[in-house]
Amino acid sequence: MIVIDAASAVPPFEQLRVQLARQIQDHTLPVGFRLPTIRSLATDLGLAANTVARAYRELEEAGLIETRGRAGSFVSAAGEASRERARHAAADYAAVIASLGLDLDEALAIARAALTATRPAS
Amino acid sequence: MTSSDERSARAWLDGKGLPDAPVTDLLGARLAARRQARIADALVLAALIIVASLAQAASLNDSWSHRLVLLVLAAATAGLLVARLLIARRLAAADRRAGATLPRRAAHAVKPGWRVVLGPAHAAFGLATLGVAVALGLSALTVSDPLVRQGAVILLVAVLGVAAGTAVQLRQLLTSPVVAEDETSLTVDVIMRIEDARESTSPSVLWTLPVVLLCGFAPVWWNVAAFGAVVLGVAALALIHARTPASLATARQAMIVR
């Protein structure tokens, strides 16, 4: 399910992007799954087509979905590669933390602050 | 929402197995629109039966030429088809208006397709009912009596009109936007689609038309086949009702992507 709250401070395209990205990452939407068309989803959610198109574009840029011409947009297998990349980056970060001798709580706080700064809350 | 609308919305939710779901203005408006649409659709289908019967009566009396009767019937059937399309559009417009007032909108990542909304069993039953009605019309065309053949042509025109109207309504049901604000109203939206689809494919008119138009004129074998088809159809429909999960269960299943 996707919910868009018009009263939220988060822009609708970002609400949509975050929810779809989450559902792709937790495999609620499996690899190869065909997403609704931009027009159909926009009508269902009471959004402008451009808003949905922007969310899809950003998901595509993140490698989570791919557009196959007129066939539509599909959950990309590259989503798994993105996850693997994130794991590698986390391992690199853990190595840096160990070399600096920082404790776990501080390391997590730094990571949380960095994540919060780059990803607006949904 | 009037207290009567509220009561009927409460009864509807209870009947669907959602006693804890709140009665909202959205639900009240959508159910009221559906009640009006169903009455209008029933009147249109009744008008089709009456028009087909009048066409048959005109053929029997030789008051009008057969070609003119068919022309008038075809025009009336097309008019009734347009009326059914307008009813479906009006219902979708009422849903859209109700949806426009919502501060939050919810939708499926996977829009329910025909397998959820109508279901293979009901789809097969609808196609079989249509096939039997067409087969009865075509078989009556082989009879040497010109009155029976004229009735068969009228029957085929009316049956095709009903089929086209049903197709139009089902297309509208499958493509019309979801109107929901949360998980409960999203479930209710699917239930409404399922019930609308089952209502659209209700076989009553396709069972009625052959009997109304040709019984009494057609040979005994045809009458036996027409009544036999109805009896078998009733048995099949009872079996489908018994075996098909409740619309709530189907709707909840549709909420799970995989």
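Each chain has its residues counted from 1, running along the sequence as written. All chains are assigned letters beginning with A, and all ligands numbers beginning with 1, in the order in which they are written. Where local features are concerned, this predicted model is filtered to residues with pLDDT of at least 70; where side-chain atom pairs are given and counted, the filter is 80 or more; whole-chain, interface and lining totals use all residues.

Undergrad: When you look at the overall build of chain A in this model, what are you seeing that I'm missing?
TA: The way it works is that DSSP assigns letters per residue, a run of H or I at least four long becomes a helix, a run of E at least two long becomes a strand, and they are numbered from the N terminus. Counting its regular elements, chain A contains five helices and three strands. From first element to last, N terminus to C terminus, chain A shows the α and β order β-α-α-α-β-β-α-α. Here the C-alpha coordinates of chain A stretch approximately 55 × 35 × 20 Å along the principal axes. The exposure label follows from counting other C-beta atoms within 10 Å of a residue's C-beta, where the C-beta atoms are placed from the backbone and the thresholds are 20 or more for buried and 12 or fewer for exposed, leaving partly exposed in between. Classification of the 122 residues of chain A by burial places 26% in the buried group. By the convention adopted here, residues are in contact when the distance between their C-beta atoms, placed from the backbone, does not exceed 7 Å. The long-range share in chain A, meaning contacts at least 24 apart out of those at least 6 apart in sequence, stands at 51%.

Undergrad: Just to check I follow, could you spell out the overall build of chain B for this structure?
TA: Along its length, chain B carries ten helices and one strand. Counting helices and strands in the order they occur from the N terminus, chain B gives α-α-α-β-α-α-α-α-α-α-α. Considering chain B as a whole, with its 258 residues, one finds that 36% of them fall into the buried category. Intrachain contacts of chain B at a sequence separation of at least 6 include 79% that bridge at least 24 residues.

Undergrad: Sorry, what's going on with the interface of chain A and chain B here?
TA: Size of an interface: often given as the accessible area lost when the parts come together. Between chain A and chain B, the contact holds 18 residues from the first and 17 residues from the second. When contributions to the side of chain A that touches chain B are tallied by element, the ones reaching two or more residues are strand 1 (2-5) and helix 2 (38-45) of chain A. It is helix 2 of chain A that provides the largest number of residues to the side of chain A that touches chain B, a total of five residues. Under the scheme applied, nonpolar residues are Ala, Val, Leu, Ile, Met, Phe, Trp, Tyr, Cys and Pro; charged residues are Asp, Glu, Lys and Arg; polar residues are all the others, including Gly. Residues belonging to the side of chain A that touches chain B are distributed by class as follows: eleven nonpolar, five polar and two charged. The sheet contact formed by strand 1 of chain A and strand 1 (residues 104-107) of chain B spans four bridges and is antiparallel. Looking across to strand 1 of chain B, one finds that Asp5 of chain A is bridged to Arg104 of chain B. By definition, two strands form a pair when at least two bridges between them are found by DSSP.

Undergrad: For this particular structure, what's the right way to read the nonpolar core?
TA: Side chains that are nonpolar tend, in soluble globular proteins, to be buried together. Remark: nonpolar core denotes a set of buried Ala, Val, Leu, Ile, Met, Phe, Trp, Tyr and Cys residues whose joining runs through C-beta atoms within 7 Å. The biggest cluster of nonpolar side chains holds 46 residues, and the ones touching the most others in it are Leu16, Leu45, Val52, Ala55 and Leu59 of chain A. Counting residues per element, this core draws most heavily on helix 7 (residues 183-200) of chain B, which supplies seven residues. Sequence-distant contacts of Ala55 of chain A, that is, excluding residues within four places in its chain, are made with Phe13, Leu16, Arg17 and Leu20 of chain A. Grouped together as the second largest cluster of nonpolar side chains are 30 residues, Leu45, Val51, Trp207 and Ala218 of chain B included.

Undergrad: Where do I start with helix 2 of chain A in this structure?
TA: Because an α-helix packs 3.6 residues into every turn, residues spaced three or four apart end up facing the same way. Counting buried residues along helix 2 of chain A, six of its eight residues qualify, which places the element largely inside the surrounding structure. Regarding helix 2 of chain A, the residues found buried are Ile38, Leu41, Ala42, Thr43, Asp44 and Leu45 of chain A. On its buried face, helix 2 of chain A sits against strand 1 and helix 3 (49-61) of chain A together with strand 1 of chain B. Backbone geometry just after helix 2 of chain A places Gly46 of chain A at a positive phi near 65°.

Undergrad: In this structure, what is going on with the packing of helix 5 (residues 120-141) of chain B against helix 6 (residues 146-175) of chain B? I would like to understand it.
TA: Helix-helix packing is described using two parameters, namely the angle between the two axes and the distance between the axes. Residues and elements named next belong to chain B. Fitted lines through C-alpha atoms give the axes, limited to the stretch in contact for helices. The angle between two N-to-C directions lies from 0 to 180 degrees. Direction vectors running N to C along helix 5 and helix 6 enclose 160°, while the axes themselves pass 8 Å from each other. Taken together, the axes of helix 5 and helix 6 are roughly antiparallel relative to one another. The handedness of the crossing between helix 5 and helix 6 is left-handed. In this structure, helix 5 contributes Leu130, Ala133, Val134, Gly137, Ala140 and Leu141 to the contact, and helix 6 contributes Val148, Arg149, Gly151, Ala152, Leu155, Leu156, Val159 and Ala163. Partitioned by chemical class, the residues of the contact of helix 5 with helix 6 number eleven nonpolar, two polar and one charged. Any angle that is under 35 degrees is reported as roughly parallel, and any over 145 degrees as roughly antiparallel; angles of 65 to 115 degrees are reported as roughly perpendicular and all others as oblique. Each helix crossing is assigned a hand: it is left-handed if the near helix lies turned anticlockwise from the far helix by less than a right angle, otherwise right-handed if that turn is clockwise.

Undergrad: What is the right way to read the environment of Glu14 of chain A from this model?
TA: Residue and element names in this part refer to chain A. Summarising the element assignment, Glu14 is placed in helix 1 (residues 12-25). Of the residues examined, Glu14 has 19 C-beta atoms within 10 Å and is grouped as partly exposed. Sequence separation between Glu14 and Gln25 is eleven residues; the distance between their C-alpha atoms is 16 Å.

Undergrad: What is the right way to read helix 3 (residues 66-100) of chain B from this model?
TA: Residues and elements named next belong to chain B. The terminal C-alpha atoms of helix 3 lie 51 Å apart, and with 35 residues this matches the ideal 51 Å at 1.5 Å per residue to within 8%. Looking only at helix 3, the buried set comprises Val69, Leu73, Ala76, Thr77, Leu80, Leu81, Arg84, Ile87, Ala88, Leu91, Asp95 and Gly99. Where helix 3 is buried, its residues meet helix 2 (25-61), strand 1 and helix 6. Helix span, as expected, comes to 1.5 Å for every residue beyond the first.

Undergrad: What am I meant to see in the packing of helix 2 of chain B against helix 8 (residues 204-214) of chain B here?
TA: Residues and elements named next belong to chain B. Between helix 2 and helix 8, whose axes approach to 10 Å, the crossing angle comes to 20°. Viewed along their axes, helix 2 and helix 8 adopt a mutual orientation that is roughly parallel. Seen along the crossing, helix 2 lies across helix 8 with a hand that is right-handed. Contacts between helix 2 and helix 8 involve Leu45, Leu48, Ile49, Ala52, Ser53 and Gln56 on the former and, on the latter, Val205, Thr208, Leu209, Val212 and Leu213.

Undergrad: Would you explain the environment of Leu102 of chain B in this entry?
TA: All names here are of chain B. Structurally, Leu102 can be placed in the loop between helix 3 and strand 1. Taking the C-alpha atoms as reference, Leu102 lies 8.3 Å from Leu26; in sequence the two are 76 residues apart. In contact with Leu102, other than residues within four places in its own chain, are Leu26 and Glu181.

Undergrad: Explanation requested: the confidence of the model for chain B in the structure shown.
TA: Should pLDDT be low for a region, the predicted coordinates there are not to be read in detail. All names here are of chain B. You can read pLDDT as the predictor saying how much it trusts each residue, on a scale of 0 to 100. Residues of chain B with pLDDT of at least 70 account for 99%, and the chain-wide mean is 90. The secondary structure element of chain B with the lowest average pLDDT is helix 10 (residues 247-255), at 82, and the one with the highest is helix 5, at 95. In the predicted assembly, ipTM is 0.75 and pTM is 0.80.

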